[in-house]
Amino acid sequence: CAGIFPLHMKFTLRRPDDFHVHLRQDADLPAYAREAARRFARVLVMPNLAPPVIAAVDVDTYRKAILADAPGLEPLMAFKLLPRHTGAQLRALKDAGAIAGKVYPEGVTTNSEDGITDLRQIWPLMGVLEETGLVVCCHGEKPGVFSLDREERFLDEFAETASRFPGVRLVLEHVSTAAAVRAVRSLGPNVAATITLHHLEITLDDVVGGMLKPHLFCKPLAKRPEDREALREAAFSGDPKFFYGTDSAPHHKGKKECAAGCAGVYSMPVALEGLVDVFDRAGKLDRLEDFCASFGADFYGLPRTTETVSLEKASWIVPDVTDGVVPYRAGETMPWKLAR
Ligand code: DOR
Ligand code: ZN
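Small disclaimer: the values here were computed from a predicted structure and weren't measured.

**Here's the deal with the sheet that holds strand S1 (residues 10–14)**
Strands sit in the order S1-S10-S11 across an open sheet of 3 strands; the sheet is antiparallel. Each of the sheet's edge strands pairs with one partner strand only, and the pair in question is S1 and strand S11 (333–338). Neighbour-to-neighbour, the strand axes of this sheet turn through a mean angle of 35°, independent of strand direction. In this sheet, S11 lies alongside strand S10 (residues 308–317) in antiparallel orientation, the contact comprising 5 bridges. Across the sheet, the residue bridging to Glu 312 is Lys 337, located in S11. Relative to S11, helix H11 (residues 273–281) is tilted by about 115°, and along the sheet it contacts S1, S10 and S11.

Printed below as a string of structure tokens:
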């Protein structure tokens, strides 16, 4: 008789990919990489390390470190794309297995002091980028602009670049505004965007509207409720231009809870559990697999994953601290749990 035995709910999907993650380096890398390996088949690892991943040899070294620390996780390599890169260097990066170059706006986020001030600075490299098929991942914020307007003010140069070079694929990373969603929709098939879990859930009010929540401080900043709504609509829509990139960006507790805190949300410990929760509560579980395990692979020209991962409806509490970092949703009860 129903009601006595709780319905054992399980949700299975093809193992997802994370097309934007920070795994850090050295002593920090093993824990963060293993946390990713529990959930994802492949992760596009961001290159804003110190020293950064810029050359072919850096790609090789960093990939080996990740493979050693998290066997079973396939790292997809990105390098920091700089205007001073030569054609020969880009070809060598491609040969070393890089699939994307990431452009950072100068000084806007972690280790971006050597970043660009205008996307047009990389136009001279577009020929080689097209020839090699390297994807250009953009942290889309305009340096020097008021922080809430930085993403929107980047969109003109992004659109101009995408239209002028239709043979180069561009990803607008971690979109945070309705304007960015509209821009990505209006541009050609060479353009896509990643969306994070936290930008699907929080607004700026969650960060600074009441007590200050440094662990929700990230770049780009979470914006207005209508921006969050546009992101949710894009993620749930089944539009292949939008796919998952966690932007999980761990910083040790002391680097967040201090006078000049680092930007970044450590979402990896809930990166699949939280996503299933968001889609489930919206009644959109049928759209989840495409968002996190199909559209990104398709855009990057990679085969879709074949293994699966399962979650079960079973509550658990997110730890207050894990590996020295306060994770996203720390202390909260999650309704979905990774199945063994
Ligand atoms: O909040 C962020 N943290 N945004 C970024 O773009 C970089 C990241 C990090 O590396 O900490
Ligand atoms: Zn990032």
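**What to know about the pattern of salt bridges**
The tally for this structure, following the rule as stated, stands at 22 salt bridges. Of the charged contacts, one joins Lys 142 and Asp 118 as a salt bridge, the two residues approaching to 3.4 Å between their closest N and O atoms. In this pair, Lys 142 sits in the loop between strand S6 (135–138) and helix H5 (150–164) while Asp 118 sits in the loop between strand S5 (98–103) and helix H4 (126–132), placing the two residues 24 residues apart along the sequence. Judged by its relative accessible area of 19%, Asp 118 falls in the buried class. A salt bridge links Arg 224 to Glu 226, with the shortest nitrogen-to-oxygen separation between them at 3.0 Å. The exposure class assigned to Arg 224 is exposed, which follows from its relative accessible area of 54%. Residues joined by salt bridges that share partners form a network here, namely Asp 118, Arg 120, Lys 142, Glu 157 and Glu 160.

**Some thoughts on the environment of Ala 31**
Take Ala 31: it is sitting in helix H1 (residues 29–37). Once the C-alpha coordinates of Ala 31 and Asp 323 are considered, the two residues, 292 residues apart in sequence, prove to be 6.8 Å apart.

**What to know about the coordination of the zinc ion (ligand 2)**
The coordination sphere of the zinc ion (ligand 2), as far as protein atoms go, consists of His 20 (NE2), His 22 (NE2) and Asp 247 (OD), spread over 2.0 to 2.1 Å. In primary-sequence terms, the residues that donate to the zinc ion (ligand 2) follow H-x1-H-x224-D. Placement of the pair is His 22 in the loop between strand S2 (17–21) and H1 and Asp 247 in the loop between strand S9 (242–244) and helix H10 (253–256), with a sequence separation of 225 residues. We note that His 22, like Asp 247, is buried.

**Side note on unusual backbone geometry**
Residue Ala 50 is joined to Pro 51 through a cis peptide bond whose omega torsion reads 0°. Mapped onto the secondary structure, Pro 51 falls in the loop between strand S3 (42–45) and helix H2 (56–69). Residue Asp 26 is not a glycine yet carries a positive backbone phi of 50°. Here Asp 26 is to be found in the loop between S2 and H1. The exposure class of Asp 26 is exposed, given its relative accessible area of 63%. A positive phi angle is found at Asp 323, which is not glycine, with a value near 50°. With respect to the helices and strands, the residue Asp 323 is situated in the loop between S10 and S11. Given the relative accessible area of 42%, Asp 323 is considered partly exposed.

**Side note on the packing of H5 against helix H6 (residues 178–186)**
Between H5 and H6, the least distance of the axes is 9 Å, while the angle of their chain directions is 20°. Judged on the interaxial angle alone, H6 and H5 are roughly parallel. The two elements H5 and H6 meet at a crossing, and its hand is left-handed. Facing H5, whose interface residues are Glu 151, Glu 152 and Leu 155, H6 presents Ala 179, Ala 180 and Ala 183.

Rules behind the numbers
- Residues numbered from 1 in each chain as written.
- Chains lettered and ligands numbered in written order.
- Predicted model: local features only at pLDDT ≥ 70, side-chain atom pairs only at ≥ 80, totals over all residues.
- Heavy atoms only, no water.
- Pairing = 2+ DSSP bridges.
- Helix = DSSP H or I, 4+ residues; strand = E, 2+ residues; numbered from the N terminus.
- Axes fitted to C-alpha atoms, helices over the stretch in contact; angles between N-to-C directions.
- Contact = heavy atoms within 4.5 Å.
- Salt bridge = Lys/Arg side-chain N within 4 Å of Asp/Glu carboxyl O.
- Buried < 20%, exposed > 50% of the residue type's maximum accessible area, 1.4 Å probe, protein only.
- Donors = N, O, S within 2.8 Å, 3.2 Å for Na, K, Ca; no water.
- Parallel < 35°, antiparallel > 145°, perpendicular 65-115°, else oblique.
- Left-handed = near helix turned anticlockwise from the far one by under 90°.

Note that every value here comes from positions in space, so none of it alone points to a role or purpose.
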